[in-house]
Amino acid sequence: MSTASLADRLAARRRARIRTWAIVAGAALAVIGLAAVAWFSPVLALERVEVTGTELTDPDAVAEYVTDAHAGTPLPQIRRGRLEEAIVAEFPKADTVTVSWAGPRALAVEVSDRQPVLTVPAGDAFERYDITGRIIDRVPEAPDGLPVLELAEGADAPAAVGAAVAFIDAVPAAQREHITSMRAGSDQDLRMLYDHEGTEVTVHFGSPEDTARKFEVALALMRTGDTEIDVSVPEVPVTR
């Protein structure tokens, strides 16, 4: 092999590498250019907000909030994680929020609201609580389908509410709707009224500890026709 032939081959390889790097560099610059255009382009400016999934939170209020904060902002500049956190902070009835693109000029906001499991009389209104024991809101009338917790005079309200929601959380979902009301003398003295096939049954549970076991025993006794049941000690239930 001649020296000239070897030199030609080496030169050809260098030119091929240069072309490859030129193509890669050109592609990278094109991507950067497109990203820069998208970052500042009014073509991607936010114009529309679509809100779905709400049950308690006002979807129009959420859309207005996002629009006021980001209308005209190119979508790539909107930090969706921060926006999700801001919406949850602004709308306390919302539990989780997911923000995604919904086209070149739109955002989709999916809201999952906190679910009320208990209501407590508060003056001339009723406070609704979620399963964590946090208040959701206050409504003028007792909501349908939620047990009402009556607090005995002098009872520690936060502790009693916490015990009541812990109790409800341990009751099988299919049976929760039959709990018509509850009463708390304290967080260690829980009672409930339960609609068992049209018959009202009073059950004393005591503390919320071992609720699943206590409820299982109470349900078995209801099936025998008992209407006053004490399962505060589930191993030794008492009926009247």
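Residues numbered from 1 in each chain as written. Predicted model: local features only at pLDDT ≥ 70, side-chain atom pairs only at ≥ 80, totals over all residues. Heavy atoms only, no water.

Moving on to the nonpolar core. Counting 30 residues, the largest nonpolar core has Leu 118, Phe 167, Met 182, Met 192, Val 203 and Met 222 as its most contacted members. For this core, the elements supplying multiple residues, two or more each, are β4 (116–122), α4 (157–170), β8 (179–186), β9 (189–196), β10 (199–206) and α6 (211–222). The leading source of residues in this core is α4, at 7 residues. With residues near it in sequence (within four places) discarded, Phe 167 still touches Ile 179, Met 182, Leu 190, Met 192, Phe 205, Pro 208 and Thr 211. Val 49, Val 51, Phe 91 and Ala 94 belong to the second largest nonpolar core, which has 17 residues in total. (Core = buried A, V, L, I, M, F, W, Y, C linked by side-chain atoms within 4.5 Å. Buried < 20%, exposed > 50% of the residue type's maximum accessible area, 1.4 Å probe, protein only. Helix = DSSP H or I, 4+ residues; strand = E, 2+ residues; numbered from the N terminus. Contact = heavy atoms within 4.5 Å.)

Summarising the model, the protein shows a mean pLDDT of 86, and 82% of its residues fall at 70 or more. Scored below 50 in pLDDT, residues 29–36 shows 0 contacts in the model against residues more than four places distant or in partner chains. (pLDDT = per-residue confidence, 0-100.)

Before going further, it helps to spend a moment on the side chain of Ser 181. One can find Ser 181 in strand β8. By relative accessible area, which is 19% here, Ser 181 ends up buried. In this view, Ser 181 contacts Pro 147, Val 148, Arg 191, Met 192 and Leu 193; residues no more than four positions away in its chain are not counted.

Judged from the 7 bridges that link them, β9 and β10 form a sheet pairing that is antiparallel. The partner of Tyr 194 across the bridge, within β10, is Val 201. In this antiparallel pair of consecutive strands, β9 and β10, the connection spans 2 residues, and Glu 197 shows a positive phi of 55 degrees. Two elements, β10 and strand β11 (residues 228–230), share 3 bridges in a ladder whose sense is parallel. Directly across from Val 203, in β11, lies its bridge partner Ile 229. With α6 bridging β10 and its parallel neighbour β11, the resulting β-α-β unit is left-handed. (Pairing = 2+ DSSP bridges. Right-handed = clockwise from strand over helix to strand, strands pointing away.)

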